[in-house]
Amino acid sequence: MSAIISVSNLNKVYDGGFQALNNISLDILQGEIFALLGPNGAGKTTLISIICGIVNPSSGTISADGHDIVRDYRAARSKIGLVPQELCTDGFESVLATVTFSRGLFGKPPNAAYIEQILRQLSLWDKKDARIMSLSGGMKRRVMIAKALSHEPEILFLDEPTAGVDVELRRDMWDMVRELRERGVTIILTTHYIEEAEEMADRIGVINKGEIVLVEEKSALMDKLGQKQLRLQLQRPLEVLPLELQSYPLSLGNEGMELIYHFDSQGEHTGIADLFRRLDEHGIDYKDLQSRQRSLEEIFVSLVSSPQQVSAAPQSEVNS
Ligand SMILES: Nc1ncnc2c1ncn2[C@@H]1O[C@H](COP(=O)(O)OP(=O)(O)OP(=O)(O)O)[C@@H](O)[C@H]1O
């Protein structure tokens, strides 16, 4: 897949000297859903705002669909739709007028059929004549999406699209984002809901303190850093681990009733067969077992708390 957005050596120093972005280079691929994750203040909105031409870069270059976002601003901006974090729109206008007007701002000829299609898709057609101020928060957010789509952009930025919306609307939004992707729209979303990135993204980028810490395909990331756990429910509680087992990546939980084994799901040897032999030798019986993958949320927390440890999950110390 080719890059639809290319960011090279981007820096942003705000007035007052604060460096919000530090030498960011990043390609967004045509047709992907890219989730940009990062803690509060990491620089997500700054990065999006620069790509969308709302904030000026201090240095570096960005192209959107081949257009330089500074030299060729109009052409670049016409390719992009932005759903900002804040709901900002004129409350006295009707839904239909607002969305139709947005399209006009980009110099696109009127297309009532297209506007109707997006309003229907966003379940807003029934509300087309309602004033925006009379809508619920979730519906206002849908209007923001309709506005962003009004000029048929090829790239859509969603800055915290589901902040403060209920579970049902969140699911609807996810469906809608997937539909847009199927139509070929490239989607970049920032989110604090890791579950959202885990559910939707093709690739994940993590930004922390103005620097890109990692960019990876979601499935590869889950495999690479997704250390697994095997939990065994014991027949009889253990007060301490037998000495011979203390060098294994094992811990006791649930007042000694649970034995937890950590292993690298990517490793050639998980060590599980060896573990079972050792448990048998020590007469440690279990009645149930489950294995589970480390969630993206746990991976994310470990990345932003100690970014130098991104390269590998801990290896298990035993071989099967
Ligand atoms: N106009 C501004 N002037 C000075 N500093 C700013 C300005 N806008 C943002 N910053 C600072 O730049 C840093 C990055 O902010 P930004 O809004 O890009 O972060 P974010 O990752 O989007 O955070 P959040 O998840 O909280 O929305 C923050 O420390 C913020 O205080």
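Just so you know, these numbers come straight off a predicted model, no measurement behind them.

What follows covers the pattern of salt bridges. Counting across every chain of the model gives 15 salt bridges. In this structure, Lys79 engages Asp65 in a salt bridge whose closest nitrogen and oxygen atoms are separated by 3.5 Å. Placement of the pair is Lys79 in the loop between helix H2 (73-78) and strand S6 (80-83) and Asp65 in the loop between strand S4 (59-64) and strand S5 (67-68), with a sequence separation of 14 residues. Using a relative accessible area of 28% as the deciding quantity, one classes Asp65 as partly exposed. In this structure, Arg277 engages Asp274 in a salt bridge whose closest nitrogen and oxygen atoms are separated by 3.7 Å. Residue Arg277 and its partner Asp274 are both found in helix H9 (residues 272-281); the two are separated by three residues, about one turn of the helix.

Moving on, we get to helix H1 (residues 44-51). Among the eight residues that make up H1, seven are buried, leaving the element largely enclosed by the rest of the structure. Turning to H1, its buried residues number three or more, namely Lys44, Thr46, Leu47, Ile48, Ser49, Ile50 and Ile51. Following H1 by one or two positions, Gly53 adopts a phi angle in the positive range, close to 80°.

What follows concerns the sheet that holds strand S1 (residues 3-13). Pairing in this open sheet of four strands is antiparallel, and the strands run S2-S1-S4-S5 from one edge to the other. The open sheet is flanked by strand S2 (19-29) and S5, the only strands paired with a single partner. Looking at chain direction, S4 and S5 are connected through two bridges and run antiparallel. Bridge assignment links Ser63 to a residue of S5, and that residue is Asp68.

Here the focus is the confidence of the model for the chain. Averaged over all residues, the pLDDT of the chain equals 86, while 91% of them reach at least 70. The model gives residues 307-320 a pLDDT under 50, and that stretch makes 37 contacts with residues more than four places away or in other chains.

This next bit is on empty space enclosed by the protein. Throughout the structure, instances matching the rule amount to two cavities of 30 Å³ or more. One number sums up the size of the largest cavity: a volume of about 50 Å³. Leu26, Ile28, Phe34, Leu36, Leu47, Ile48, Ile51, Phe157 and Ile188 together form the lining of the largest cavity. Residue contributions to the lining of the largest cavity peak at three residues, all from H1.

Here we take up the pairing of S1. Across seven bridges, S1 lies against S2 in antiparallel orientation. Counterpart to Ser6 in the pairing with S2 is Asp27. The antiparallel pairing of S1 with S2 creates a hairpin that spans five residues between the two strands, and Gly16 there sits at a positive phi of about 105°. As defined by bridge partners, S1 adjoins S4 across five bridges and the pair is classed as antiparallel. Across the sheet, the residue bridging to Asn11 is Ser59, located in S4.

For soluble globular proteins, nonpolar side chains are generally found buried alongside one another. One finds Leu156 and Ile187 to be the most contacted residues of the largest nonpolar core, which totals 48 residues. Beyond its immediate stretch of four places on either side in the chain, Ile187 contacts Glu32, Ile33, Phe34, Leu156, Leu158, Val177, Leu180 and Arg181.

Reading the values: rules and limits
Residues numbered from 1 in each chain as written. Predicted model: local features only at pLDDT ≥ 70, side-chain atom pairs only at ≥ 80, totals over all residues. Heavy atoms only, no water. Salt bridge = Lys/Arg side-chain N within 4 Å of Asp/Glu carboxyl O. Helix = DSSP H or I, 4+ residues; strand = E, 2+ residues; numbered from the N terminus. Buried < 20%, exposed > 50% of the residue type's maximum accessible area, 1.4 Å probe, protein only. Pairing = 2+ DSSP bridges. pLDDT = per-residue confidence, 0-100. Contact = heavy atoms within 4.5 Å. 1 Å grid on protein atoms, 1.4 Å probe; cavity = no way out; pocket = protein on both sides within 12 Å on 5 of 7 lines; lining within 4 Å. Points joined across faces, edges and corners; volume = space filled by probe spheres on them. Core = buried A, V, L, I, M, F, W, Y, C linked by side-chain atoms within 4.5 Å.

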